[in-house]
Amino acid sequence: MLVLLAGVVLCRTYWVGQQTAYAASAGGQSVQTLALPRARGDFYDRTGRRLTGLSPQYYALCLPGDAGYTALFPYVPYAEQSLLYERRNLASPFLIQVDRDLTAQGITTCTVPQHFGGSTAAHLLGYLDSEGRGVSGLEKAYDDLLAASGDARIVTCFMTAQGRLLTDTSPLVAVETPGTGQGVRLTLDADLQRACEGLATLYLPRGCIVVMDTATGEVLASVSMPSFDPQNIAASIAANDTSLLNRPLRAFSAGSVFKVVLAAAAYESGLDWYTHDCTGEVEVAGQTYRCALGRAHGVVNLRGALEQSCNTYFIELGRLLGAQRIRKMAETLGFGTATQLAPGLQGASGTLPDAAALENPGELATFSFGQGALTVTPLQITAMMNTVANGGVYRTPAFVQGIVDADGTLTGQTRAADTRTVFDAATARVLRSMLASVVSEGIGSEAQPKTGSADRPVRRERRGTAQLLVQRLLPGGRPAVYHYCFAGRHFKARNLQCRDICKGYRNSGCVGELLSLPPRGKVGPQDRMRADLAAAALYRAATAYPPLISQWSGPLTASPEGEANLSVNQFPPRYCTFAAKKLQ
């Protein structure tokens, strides 16, 4: 009996020991949870095309041990390689950014949309901080909405005490918190925006472009130069080149463009008859004010004064009108009032001198030709010109159409359009005629459309190097899209390298390669280069604004995948083909 009891005790002791060892083994296991970066909501253009989130980012799961480090290192971006090296000996898994999907190689890879894939509308959209939150522009205005758009996803790994995945288990990717899928639809037209950005890169090192729909007041393009890379804000800060300024919304001295306000006030007040004998200068309160270059314009009426931008005329007209009439017209045209773009985001109001300040004759004189304390934003100037173009009806500029849901449906407009009649249609018609004559007859003659064939590239030679000007016609018959610069350079291999394409072309929204085919006949490298440049320039002009394609007489085709080919054989025997993929 004693022997039997001893045996039972020994068996029980052994069983308990086994259970303790099992428990210890179980205690070495762990469940590791890793959070994936959350996709941010996107901005869309007026037709529903994405302006952000155009390309994917890949995150690979790195398991402890040298094998994971070795397998991932070739695919980790240079900036992340040091992080991979530092973490290679960790006992727990982690996520690291890679440049491609490695699922086929047996490595767990998750895809997250890359929010910024370029610099389209960079100033208007804004940029993010290191935590991925909006700190400027529309990114800041809609930060809460955009941050909640994507699903919050986690990767769960069941690990052994040795830092290996448990046998017969694999990482699980699950949605922890569903996102709203919401985004923001803007009034911008992606093609027109990129065309303006490309042209600004070529011809506008500092300044801005604003394009507005006259019928609605919606802004179709908004460009500020110099531009910046939203993924490398530090570079712009270090450069200290004012590239972070959104110039369409900043206030500057108005200059002579403000004379349109006085012209409108004169017509509305019945003073359009006024004429003035300009001697090139006028004295007001002991101060002499001159026209540009001290030029005397002689006897001028309102039209002639606007054509020649005669300062002395508008100083005298300002005296006749008085400060109150001028200020009233300026206020009605939106000057002195901040333009609301989005919740918490608005343009500068500028400075409209008050009535007390304009009692000073000198202040009134400078105010009358757009100088002195007066400041305005380019957006306010655009809205003023839009009022003239729109028959005297002012429309508050709009940048945002509304919020869209996950399938792109507009769920509601952000605000109702604000319109008001500033002056009658007859006044607007006369002002349009006057402004046209500034270009056709006055000091703005350099802004006239160039003459010549719309279908034939015009070759210009400078310092022995071929340069091309390619002009196309927009609907309505007015030359509007130009490409005048190198598209690239030829090398000994006789092919055009992507990295050598001019900045204006690279920023136009098209990516791809320029391919040179064997030319017909006997031609030299210079001829091949000219053909390549013509192909690039013509394709750039045609794709910048889709209606141009229908007017192009050459062989231009596009496939559903977005590839397009343009053959240039207008200069026999030269021949080349350009192939490119648009961003979307």
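Bear in mind the structure is a predicted one, so any value in this text is a computation, not a measurement.

## Some thoughts on the overall build of the protein
Tallying secondary structure elements over the protein gives 18 helices and 29 strands in all. A burial count over the protein gives 45% of its 584 residues as buried. For the protein, the exposed surface amounts to about 28,800 Å²; the carbon and sulfur share of it is 53%.

## What to know about the nonpolar core
Core analysis: the largest hydrophobic core is formed by 45 residues, its most contacted members being Phe-258, Tyr-313, Leu-317, Phe-335 and Phe-423. Elements that contribute at least two residues to this core include exactly α9 (259-268), α10 (302-308), α11 (311-321), α12 (323-332), α13 (361-368), α14 (378-389) and α15 (425-440). Setting aside anything within four residues of it in sequence, one finds Phe-258 in contact with Ile-326, Ala-330, Phe-335, Phe-367, Gly-370 and Leu-374. One finds Leu-138, Tyr-142, Leu-145 and Leu-146 within the second-largest nonpolar core, a separate group that totals 24 residues.

## Observations regarding the sheet that holds strand β3 (residues 55-62)
Within the open sheet, the 3 strands sit side by side as β4-β3-β5. Their pairing is antiparallel. Of all strands in the sheet, those bounded by a partner on one side alone are β4 (94-98) and β5 (109-114). The sheet shows a mean angle of 35° between the axes of neighbouring strands, taken without regard to direction. Sheet topology places β3 next to β5; 6 bridges connect them, and they run antiparallel. The residue of β5 that forms the bridge with Tyr-59 is Cys-110. Across the sheet, helix α3 (residues 78-87) is in contact with β3 and β4; its angle to β4 comes to roughly 155°.

## Things to note about the packing of aromatic side chains
The tally for this structure, following the rule as stated, stands at 7 aromatic pairs. Taken together, a centroid distance of 6.1 Å and an interplanar angle of 75° make the contact between Trp-273 and Tyr-274 edge-to-face. Judged by relative accessible area, Trp-273 falls into the exposed class, the value being 54%. Here Tyr-274 falls in the buried class, since its relative accessible area comes to 12%. Look at Tyr-274 and Tyr-313: their rings are 5.3 Å apart centre to centre, the planes differ by 45°, and that puts the pair in the tilted class. Linking Tyr-274 in the loop between α9 and β12 (276-278) with Tyr-313 in helix α11, this pair joins segments that are 39 residues apart in sequence. Each member of the pair Tyr-274 and Tyr-313 is classed as buried. The structure contains a cluster of three or more aromatic residues connected by ring pairs, namely Trp-273, Tyr-274, Tyr-313 and Phe-314.

## Concerning the confidence of the model for the protein
For the protein, per-residue confidence averages 75 on the pLDDT scale, and 71% of positions sit at 70 or higher. Residue range residues 452-584 is modelled with pLDDT below 50. Its contacts to residues more than four positions away, or to other chains, number 248 contacts.

## Some thoughts on the packing of α11 against α13
Pairs of packed helices are described in terms of their axes, by the angle between the two and the distance that separates them. Between α11 and α13, the shortest axis-to-axis distance is 8 Å and the interhelical angle comes to 120°. With respect to α13, the axis of α11 lies oblique. The way α11 lies across α13 gives a crossing that is right-handed. Residue-level inspection shows Phe-314, Ile-315, Gly-318 and Arg-319 of α11 in contact with α13, the latter providing Leu-364, Ala-365 and Ser-368. Across the contact of α11 with α13, the residue classes tally to 4 nonpolar, 2 polar and 1 charged.

## Considering the pattern of salt bridges
The final tally for this structure, using the stated rule, is 13 salt bridges. Of the charged contacts in the structure, one is a salt bridge between Arg-40 and Glu-139, with a shortest N-O distance of 2.8 Å. A residue pair is termed long-range when its members are at least 10 positions apart, and Arg-40 in the loop between β1 (30-35) and β2 (43-44) and Glu-139 in helix α5 (residues 137-141) qualify at 99 residues. In this structure Arg-40 comes out as buried when scored by relative accessible area, which is 11%. Residue Glu-139 is classed as buried on the basis of its relative accessible area of 0%. Residues Asp-99 and Arg-100 are paired through a salt bridge, measuring 2.9 Å at the closest nitrogen-oxygen approach. Through salt bridges with shared partners, one network takes in Arg-40, Arg-133, Glu-139, Asp-143 and Asp-144.

The rules behind these values
- Residues numbered from 1 in each chain as written.
- Predicted model: local features only at pLDDT ≥ 70, side-chain atom pairs only at ≥ 80, totals over all residues.
- Heavy atoms only, no water.
- Helix = DSSP H or I, 4+ residues; strand = E, 2+ residues; numbered from the N terminus.
- Buried < 20%, exposed > 50% of the residue type's maximum accessible area, 1.4 Å probe, protein only.
- Areas by Shrake-Rupley, 256 points an atom, 1.4 Å probe, with all protein chains shown as cover.
- Core = buried A, V, L, I, M, F, W, Y, C linked by side-chain atoms within 4.5 Å.
- Contact = heavy atoms within 4.5 Å.
- Pairing = 2+ DSSP bridges.
- Axes fitted to C-alpha atoms, helices over the stretch in contact; angles between N-to-C directions.
- Phe/Tyr/Trp six-rings, centres within 6.5 Å; stacked < 30°, edge-to-face > 60°.
- pLDDT = per-residue confidence, 0-100.
- Parallel < 35°, antiparallel > 145°, perpendicular 65-115°, else oblique.
- Left-handed = near helix turned anticlockwise from the far one by under 90°.
- Nonpolar A, V, L, I, M, F, W, Y, C, P; charged D, E, K, R; others polar.
- Salt bridge = Lys/Arg side-chain N within 4 Å of Asp/Glu carboxyl O.

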